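# Inside the fold
One letter stands for each residue in the lines below.
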Amino acid sequence: MWNIELKKIINVKCFRFDPEKDEVPYYDMFEVPINGTMSVQDCLEYIRENLDSSLAFFINCRLGFCRRCLIKVNGKSCLACLTEVKGDITIDPLLKDKVVRDLWVKDL
Amino acid sequence: MKLCDKLITTDLLIIGSEGAGGHAAIEASKSGIDILIITKGKIGQCGASQMAGADFNVDGSSAKKLGFPGDERDSPELFFETLVRESLYLGNQKMVEKYVEYAPKVMQDLMDWGMRVYSYESAHAEEMARGIISSGTLWVAAIRRKIKELGIPLLEDTMVIDLLTTNGSISGAIALDILSGETIIIRCKAIILATGGWHVAYPFNTGPYDLTGDGVAMAYRAGLELINMEMVQFCPITLVWPPKERGSIVLYMLSEIDPFDKSIHLLNKNGERFMQDYDPENMEQSTKEIVSIASELEIEKGRGSPHGGVYYSLKHTRKRFIDMLIKVAEHRIKNEYKDSRYELNELLPELLEKCKTVDIEVGNAAHYMSGGIKVNENTETSIKGLYAAGECSGGLWGSVRVASACTEAGVQGKIAGEITPKFVKSVELPDINSKQVKNIMERIHKPLIRKDGITPNELQQKVHAISGEKVGLIKDENSLKEAVNELENMLYKDVNNLCVTATKSKKLNYEWIRSLELQNMITCLYATAKASLIRKESRGEFYRRDYTNTDNDNWLKTIVLKKKNEDVEISFDEPIITKIDLPKGKLTYQEAIGVTTASLKKD
């Protein structure tokens, strides 16, 4: 009668860079279970709460109000909170030369 | 030895940059004093104001003077009476008087600063139209523009950790630059706290990620009284599922607007319209509080949806009717409002389209904190030089927030902005106490230095388990006792064992910031649980299943909590009266809230 949920696991390839200690940026791979419609931000939150708490990214209103969670998903600029995850994704910061840490960019 | 990485000196520090803090800064800048705004996010893009509906309130006569259709039969006095009566007499009447007096001034300010207004209509189920409708994003954009135009200094992405006091007066604050990890001492003569609620302490809430009760908790640590902490408003019909839309109140907003209000069915998992059992006369159009409690009881009885809600259903209507609803909504949003909000423009039509075939899971989310820092009608606290405005303050609303919180933010922000320059000009810059600074610095760095202990993620889960199950909408003695004990344990044990594990870097360290925020969330939640346990009645937003009556003979008083070493001192304040005497007698909760039918006792 109600919504039927399909649970699946996706691969998230995530840009990492700490200018203080890394010479060059690199990518980490995470497996994220998808349960119901999830945004890219939901995946990042899952990673930070369950897999790697050192991941830096921006999160605030979650519903498209603050428009500050700009990132790149599969090469395209978007708001992390409004972008639905449908399969494996690659996440990059908006501007790679302005990274404070990981996905958080200066002057965002 | 250097105590902190940076030192800044100013006259007035304002913590929070949006509806209350921003308004205060603009008002105070007229006096020419030095001002610094510190905000945990970025101005115009943080806090709760941006997410507001947003409706503002003014009485009909004043509305007419402002150029709205208005209603001359209405007056500030009538508006005052409505507010006192509907908030069930617990509100501070001096504060309510200021609210109705300043509401038109605040509207005038905002319109002068270029805030566009959508319409003038009835909001909050008022007897007369008193609502001026705009949007949160337009509101904060207008404030942001004005602050930039005035060139008021601003520190963004900076979290204030604690207040500094010298001989009972404010002398400054300690802050942390979230991006660089640098600590900052701010020396000042006065501080306005405008930091909002502690929504994030609840697993299901309608607030942004940064509302962690920082101002309320630092005020408590500095020795200020907190009042009405048990008065937490839960919003029904908030999206529970899926994760991407969780916390959106768009269907609730719609449920208050004609013709949507009359077409909604709320169903339990058996497909029954459960409001039949609670308020058969008004059904889904019953009061917000009754709909919330009824939904919660259905969930408790195992008749909820898989993700802890009930069902919002339009399946009883024809598909063509839903198409018509979508067209009506689109017309208002696109043509009348010219609104570009995702929630209204994209999510809403999507949800309505979905309603043709499935029902939507909705539930009660922590939405507004009516309690907070005890202030008087001039936003003054019991510490000289410390002021509080907006949601972080308590006293205005009594037991139900019956009118606009946006207006509250503006009113109290404006008052604080008017009054603080006078104070600033009357005092010298106090010295700071270096021992106090050292203690705070030690507390800040402790989670970074510790090698093992409880992680912020683990503690956050513990907090949410308590707030979700024991300090939620429906409360009782046993759960509250457990909650108080467990929160006490967290506040005095777990918080000291917090440990940042993933990276010890000071830059943008999520675990570190969350550690500091958790201390604040736990403090607020502890005060909420403690005050809830003390109040042995139900009133407005506060519902206890073991004391369902609204007891005007014994409980028309506010609960005041104050820190005393590692304990809390409890006292009671009589409500402050100016014009309306307090009622006597006991009423059933439904009578008090305006509903006369149905039993809300658990079966």
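None of the values given here were measured: they were computed from a predicted structure.

## Notes on the overall build of chain B
When helices and strands are tallied, chain B shows 16 helices and 25 strands. For 603 residues, the compact-globule estimate of 2.2 N^0.38 gives 25 Å, and chain B sits close to it at 23 Å. Principal-axis analysis of the C-alpha atoms gives chain B an extent of 75 × 55 × 50 Å. Counting over 603 residues, chain B shows a buried share of 58%. Here the contacts in chain B between residues at least 6 apart in sequence split such that 72% fall between residues at least 24 apart.

## Here we look at the interface of chain A and chain B
At the interface, 30 residues of chain A touch 32 residues of chain B. Where the side of chain A that touches chain B is concerned, the elements lending two or more residues are helix H1 (40-51) and strand E6 (99-101) of chain A. The biggest single contributor to the side of chain A that touches chain B is H1(A), with three residues. Its residues assigned to classes, the side of chain A that touches chain B shows 11 nonpolar, eight polar and 11 charged.

## A short note on helix H14 (residues 477-497) of chain B
Residue and element names in this part refer to chain B. Here H14 contains 21 residues, and its C-alpha end-to-end distance of 29 Å stays within 8% of the 30 Å for a straight helix at 1.5 Å per residue. The principal kink in H14, of about 40°, is found at Met 490. Within H14, burial applies to Ser 479, Leu 480, Ala 483, Val 484, Leu 487, Met 490, Asp 494 and Val 495. Considering only its buried residues, H14 is in contact with helix H13 (456-469), strand E20 (474-475) and helix H15 (510-534).

## A closer look at the pairing of strand E4 (residues 76-79) of chain A
Residue and element names in this part refer to chain A. Sheet analysis places strand E3 (residues 70-73) next to E4, joined by four bridges and oriented antiparallel. Directly across from Val 73, in E4, lies its bridge partner Lys 76. What sits between the antiparallel neighbours E3 and E4 is a turn of two residues, in which Asn 74 has the positive phi angle 50°.

## Overview of the sheet that holds strand E24 (residues 567-573) of chain B
Residues and elements named next belong to chain B. Pairing is mixed across the open sheet formed by five strands, whose spatial order is E19-E17-E12-E23-E24. Of all the strands in the sheet, just strand E19 (393-394) and E24 have a single pairing partner and so form its edges. Contacting strand E12 (226-227), strand E23 (558-564) and E24, H15 crosses the sheet at an angle of about 135° to E23.

## Focus: the packing of helix H1 (residues 21-29) of chain B against helix H11 (residues 405-426) of chain B
All names here are of chain B. The N-to-C vectors of H1 and H11 enclose an angle of 35°; their axes lie 7 Å apart at closest approach. You can see that H1 and H11 cross each other, and the crossing is right-handed. Where H1 approaches H11, its residues Gly 21, His 23, Ala 24, Ala 25, Ile 26, Glu 27 and Ala 28 are matched on the opposing element by Ala 409, Gly 410, Gly 413, Lys 414, Ala 416, Gly 417, Glu 418, Thr 420 and Pro 421.

## Thoughts on the nonpolar core
If you look at the biggest cluster of nonpolar residues, it comprises 215 residues, and the most contacted ones within it are B:Leu13, B:Ile14, B:Trp139, B:Ala175, B:Ile191, B:Leu251 and B:Leu525. The contacts of B:Leu525, once residues within four sequence positions are left out, are B:Trp198, B:Ala201, B:Val463, B:Ser467, B:Val471 and B:Leu487.

## Some words on unusual backbone geometry
Peptide bonds are trans in most cases, and residues, glycine excluded, mostly fall at negative phi. B:Gly53 connects to B:Ala54 through a cis peptide bond whose omega is 0°. Note that the residue after B:Trp241, namely B:Pro242, is joined by a cis bond; omega there is 0°. Inspection of the secondary structure assignment puts B:Pro242 in the loop between strand E13 (232-239) and helix H7 (250-255). Residue A:Arg67 is not a glycine yet carries a positive backbone phi of 55°. As for its position among the elements, A:Arg67 is in the loop between H1 and E3.

## As for helix H9 (residues 319-337) of chain B
With 19 residues, H9(B) extends 26 Å between its outermost C-alpha atoms, agreeing within 8% with the 27 Å of an ideal straight helix rising 1.5 Å per residue. Once H9(B) finishes, B:Lys338 follows within two positions and takes phi at roughly 50°, a positive value.

Calculation notes
Residues numbered from 1 in each chain as written. Chains lettered and ligands numbered in written order. Predicted model: local features only at pLDDT ≥ 70, side-chain atom pairs only at ≥ 80, totals over all residues. Helix = DSSP H or I, 4+ residues; strand = E, 2+ residues; numbered from the N terminus. Rg over C-alpha atoms; globule rule 2.2 N^0.38 Å. Buried ≥ 20, exposed ≤ 12 C-beta atoms within 10 Å, placed from the backbone. Contact = placed C-beta atoms within 7 Å. Nonpolar A, V, L, I, M, F, W, Y, C, P; charged D, E, K, R; others polar. Expected span 1.5 Å × (residues − 1). Bend = angle between axes of the 7 residues up to and from the residue. Pairing = 2+ DSSP bridges. Axes fitted to C-alpha atoms, helices over the stretch in contact; angles between N-to-C directions. Left-handed = near helix turned anticlockwise from the far one by under 90°. Core = buried A, V, L, I, M, F, W, Y, C linked by C-beta atoms within 7 Å.

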